[in-house]
Amino acid sequence: MSEQKFLSLPNAPADQADIVILPVPLECTVSFKPGTAKAPDAIFEVSDQLEFFEEDGGWSPFKHMSLSVASAFTEPTDLDEAEWHARLSKHVSSFPADNLFISLGGEHSITPALVAGRMPEPGTVVFLDAHADLRDSYQGSKFNHACPAKRLLEQGHELLMAGVRSVYESEVELVEHEPRISLFMDWDLRGKGQWESFLQRVSSLQGPVYLSIDMDAFNPAYVPGVGTPQPGGLIWYQIIEIIEALFARTNVDLRGVDIVELVPEPSRVSEMTAAKLLMKIVSFWGQANGFDGKPMTGSQMQIDYE
Ligand SMILES: [Mn+2]
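Here is what the cut-offs are and how they apply
- Residues numbered from 1 in each chain as written.
- Predicted model: local features only at pLDDT ≥ 70, side-chain atom pairs only at ≥ 80, totals over all residues.
- Helix = DSSP H or I, 4+ residues; strand = E, 2+ residues; numbered from the N terminus.
- Buried ≥ 20, exposed ≤ 12 C-beta atoms within 10 Å, placed from the backbone.
- Contact = placed C-beta atoms within 7 Å.
- Core = buried A, V, L, I, M, F, W, Y, C linked by C-beta atoms within 7 Å.
- Axes fitted to C-alpha atoms, helices over the stretch in contact; angles between N-to-C directions.
- Parallel < 35°, antiparallel > 145°, perpendicular 65-115°, else oblique.
- Left-handed = near helix turned anticlockwise from the far one by under 90°.
- Nonpolar A, V, L, I, M, F, W, Y, C, P; charged D, E, K, R; others polar.

Draft legend 1. Quick look at the environment of Asn 99. Of note, Asn 99 is situated in the loop between helix 3 (81-93) and strand 3 (100-105). Asn 99 sits in the buried class, given 21 other C-beta atoms within 10 Å. When the C-alpha positions of Asn 99 and Leu 67 are compared, they lie 9.9 Å apart, and in sequence the two are 32 residues distant. Setting aside residues up to four positions removed in sequence, Asn 99 forms contacts with Ala 17, Asp 18, Ile 19 and Val 20.

Written out as structure tokens, the structure reads:
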């Protein structure tokens, strides 16, 4: 497989990079629209159209930071499911702990293994999704993409969920009885004035935090390319506000981010949204960690870009 690049930038060795991107193109338990396996490549392809300059931060993040797109994690899917996910955990734990680690799905079932590898101690998972993903199992599998939030609870984490607008009866009962779940329903964020209190919760997080973004959290008019679309949902500026709130305070120890469930589509707007979201995350994280004041030795300095 040829080397993948983000923004066409040269790849630094992973152990020397400030930002590591790991493609995990798993497509195994998808129940509706197929295509998640092609998402990482589609994101890299459209990233070529992004500017190096990030307009909100007012800087070029990759002048100051180096980037590494790691080889895709493509263990055979005919392995035992538990074994496949255990290998993914082990793999992600082998990357350095102090960089920004972003995984690109693939379906949402990869998140518990990613979190297990990056955040072995109890922490908080910010979970943006149209669905609660709290089923104990679905279609005979505990590793189904309808179950990752339940697995995260079992790992001992707290869940801060937003954008949810499709739930199963037993999921509602679990949310009511499980104090470690804070769920902001999509309609509450829109109609009942809970947006500010949700942002307040995000910006008051402390300790280890992991951010999981299911692209179906977006309103499907913004991102039609997802495996299981739902009407309603968050708009681009809300997702940006969430990321800004998460990085505004340095007391958050961000262990990793994933962007999952994207299904590339003909207009390419969905994959462009994912690529630009990745750029925003890089920019906010870089500024929160002081990279804008560090020497210009980043990946962009190795190329001619005018
Ligand atoms: Mn999901």
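Once the structure has been displayed, the description carries forward.
Draft legend 2. Highlighting the nonpolar core. Grouped together as the largest cluster of nonpolar side chains are 88 residues, with contacts concentrated most on Met 161, Met 215 and Leu 278. Counting residues per element, this core draws most heavily on helix 10 (residues 269-288), which supplies 9 residues. Once residues within four sequence positions are removed from consideration, Leu 278 is found in contact with Ile 43, Ile 102 and Ile 259.

Draft legend 3. Spotlight on the packing of helix 9 (residues 236-248) against helix 10. One can describe the packing of helix 9 onto helix 10 by two numbers: an axis separation of 9 Å at closest approach and a directional angle of 20°. As the angle between them shows, helix 9 and helix 10 are arranged roughly parallel. In terms of crossing hand, the pair formed by helix 9 and helix 10 is right-handed. Across from Ile 239, Ile 240, Ile 243, Glu 244 and Phe 247 in helix 9, the residues of helix 10 making contact are Leu 277, Lys 280, Ile 281, Phe 284, Trp 285 and Ala 288. Across the contact of helix 9 with helix 10, the residue classes break down as 9 nonpolar, no polar and 2 charged.

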